Amino acid sequence: MHIHILGICGTFMGGIAALAQQSGYKVTGCDANVYPPMSTQLEAKGIQLIEGYTPEQTKLNPDIYVIGNAVSRGNPLMEEILNQGLPYISGPQWLAEHVLQGKWVLAVAGTHGKTTTSSMLAWILEYAGLSPGFLIGGVPENFAVSARLPSQPMQDANSISPFFVIEADEYDTAFFDKRSKFVHYHPRTAVLNNLEFDHADIFEDLAAIEKQFHHLVRTIPQNGLLVSNVEASLQRVIEKGCWTPVEIFGSEDKWHAKNAQSDGSFDVMFGSALQGRLAWDIIGRHNQMNALASIAAARHVGVPVEQSIAALTAFKNVKRRMELRGVVSNIHVYDDFAHHPTAIATTIAGLRDKVGKARILAVLEPRSNTMKLGTTKAALPASLVDADAVFCYGGNVDWDVAEALQTIAHKSQVFTDLDGLIAAIAKMAQAGDHILVMSNGGFGGIHQKLLDTLM
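Residues numbered from 1 in each chain as written. Predicted model: local features only at pLDDT ≥ 70, side-chain atom pairs only at ≥ 80, totals over all residues. Heavy atoms only, no water.

Description of the packing of aromatic side chains
Aromatic rings in a pair are described by how distant their centres are and how their planes are angled relative to each other. Rule in force here: Paired rings are identified among Phe, Tyr and Trp, the last through its six-membered ring, by centres lying within 6.5 Å, and are further divided according to the angle between planes into stacked (under 30 degrees), edge-to-face (over 60) and tilted (the rest). Numbering of helices and strands starts at the N terminus; helices are DSSP runs of H or I of at least 4 residues and strands are runs of E of at least 2. Partly exposed describes any residue whose relative accessible area lies between the buried limit of under 20% and the exposed limit of over 50%, with all areas from a 1.4 Å probe on protein chains only and scaled to the type maximum. For a lysine, the NZ atom is tested; for an arginine, the CZ atom; a charge sits over a ring if that atom is within 6 Å of the ring centre and within 35 degrees of the ring normal.
Tallying each qualifying case throughout the model produces eleven aromatic pairs. Residues Trp123 and Tyr127 carry aromatic rings whose centres are separated by 6.1 Å and whose planes lie at 65° to one another, so their mutual orientation is edge-to-face. One end of the pair, Trp123, and the other, Tyr127, are both in helix α5 (residues 114-127), four residues apart, so they sit about a helical turn from each other. Residue class for Trp123 comes out buried when judged on its relative accessible area of 15%. Ring centres of Phe182 and Phe213 lie 5.2 Å apart, and the angle between their planes is 80°; on these two criteria the pair is classed as edge-to-face. Taken together, the residues span a long stretch of sequence, with Phe182 in the loop between β11 (177-180) and β12 (189-192) and Phe213 in helix α6 (residues 206-218) at a distance of 31 residues. Comparing Phe182 with Phe213, the two get one shared label, buried. If you follow Arg188 out to its NZ or CZ, it ends over the ring of Trp104, 3.6 Å from the centre.

Quick look at the structure:
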């Protein structure tokens, strides 16, 4: 069977492509924006990528077209598919019908930390010998791929693992299905990591997102488990109705972290009972919460807490999550996916804990749809306050970035020219500095360009 994927280079759709190929399908795909790591991952698998959405692609005659949510009406290929009455399906629905059916699905939802927590959870199950499948919106360093099918677990070489870990995104499914992606997944174990207002292009307010999260809660069976952050927005979701046992993290009488050190280590607690100490080099309170959520979720499928802690000791994080891209003249350059003010603040705070009084040069590209609309621009200055200098690329937005950063104007610079931005960063940088680049896109290859300029 041949599937042709529209929007194949998105992290989710690229994962669909990998899973379909592993399942024996012929896979081709197209996209308008092709950049690593997904493009290189697909090319390495021998999946044919076509640049653009030309109507002539219907001549490939696939059995079905799988449509990513980046595709909208007016897309020339999509219009041709509709005009010819050709079969099509959304990515989440295809996944539910062809991969997740009959699996014990562990879904990780939340405004922040989905990719990291999903990666932690998949690695814990792998470490425990359970050989899970997974689809994650990034590339976990422990696996080097973003998606794979379940395989034969060590404990039972005669069967395929029933477990599948998925990053459960609240963004809409497709132009023809405006429900959140995660309603298709029907998890037995679900993590609600946190919940803030985001995706202002599709949600009117926080209440609208809470409603979608409650739709997810409605799909979890009574013999499942809901692992939830203690924060108020998620408690409102649960109070709308919940038919599943709930375990809370982030509260001192439930799962929580204690005795955290600047090296990243902390005690894993459940109430007053010490479960063990996690010694790793993953920094930041947000990652402590991610770890607690993954430990609780893994326990639901039978992984002892001490084994989960041992697994996380060997966790290598995810590409583009505080990923050190290089060091030149003792100047460290990092790549991070942070693009929401809360994520920006926690990312900088985590790096501050690690580097102490060393200078942090924060480099930001406001690129997400929410950022482009300016919905969260008022929160930007506070999110960047812990950086020593701020460089912002304003070439993707229509609002006045310099005006939005006025309260930190003494340490911020705004550019609409990428080369000028890179030159200014290189001019300021000195030995001992840490340059933290934050964007949810390719950012014009700024990381390598910076390293080359600093040489």
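Further notes follow.
Re the nonpolar core
Looking at soluble globular proteins, one finds that nonpolar side chains tend to be buried together. Basically, it comes down to this: The set of buried Ala, Val, Leu, Ile, Met, Phe, Trp, Tyr and Cys residues whose side-chain atoms join them within 4.5 Å is what this entry labels a nonpolar core. Contact between two residues is taken to exist if any of their heavy atoms lie within 4.5 Å; hydrogens are not considered.
Residues Ile3, Ile5, Trp94, Leu95, Leu135, Ile166 and Phe213 are the most contacted members of the largest nonpolar core, which totals 46 residues. Sequence-distant contacts of Phe213, defined by excluding residues within four places in its chain, comprise Ala109, Gly110, Glu170, Phe182, Leu192, Asn194, Leu195, Leu234 and Val237. Grouped together as the second largest cluster of nonpolar side chains are 42 residues, Leu121, Val305, Ile309 and Phe315 included.

Digging into the environment of Val401
One can find Val401 in helix α13 (residues 401-404). A residue is classified by how much of its surface remains accessible, and Val401, at 4% relative accessible area, is buried. In this structure, Val401 is in contact with Cys392, Gly394 and Val414, ignoring residues within four places of it in sequence.

Digging into the side chain of Asp335
What counts here: Counted as a polar contact is a pair of N or O atoms within 3.5 Å, where, for protein atoms, one must be capable of donating a hydrogen and the other of accepting one, and residues adjacent in sequence contribute only when both atoms are in side chains.
Looking at the secondary structure, you find Asp335 in strand β19 (residues 331-336). Residue Asp335 is classed as buried on the basis of its relative accessible area of 2%. A distance of 3.0 Å separates polar atoms of two side chains, one belonging to Asp335 and the other to His447. For Asp335, the residues in contact, after removing those within four places along its chain, are Arg320, Arg321, Met322, Glu323, Arg325, Val437 and His447.

So, the side chain of Glu210
Locating Glu210 in the fold gives a position in helix α6. Other than its neighbours up to four places away in sequence, Glu210 contacts Leu195, Ser233, Arg236, Val237 and Lys240.

Re the sheet that holds strand β1 (residues 2-6)
Heads up, the condition is: At least two bridges found by DSSP between two strands are what make those strands a pair. Working convention: axes come from line fits to C-alpha atoms, limited for helices to the stretch in contact. Angles between N-to-C directions cover 0 to 180 degrees.
Across the sheet, five strands lie side by side as β3-β2-β1-β4-β5; this open sheet has parallel pairing. Since the sheet does not close on itself, it has two edges, and those belong to β3 (48-51) and β5 (88-90), each with one partner. Across the sheet, the mean angle separating the axes of adjacent strands is 25° when strand polarity is ignored. Sheet topology places β1 next to strand β2 (residues 26-31); five bridges connect them, and they run parallel. Considered in β2, the bridge of Ile3 is made with Val27. Along the sheet, helix α3 (residues 76-84) contacts β1, β2, β4 (64-67) and β5; its crossing angle with β1, the most-contacted strand, is approximately 135°.

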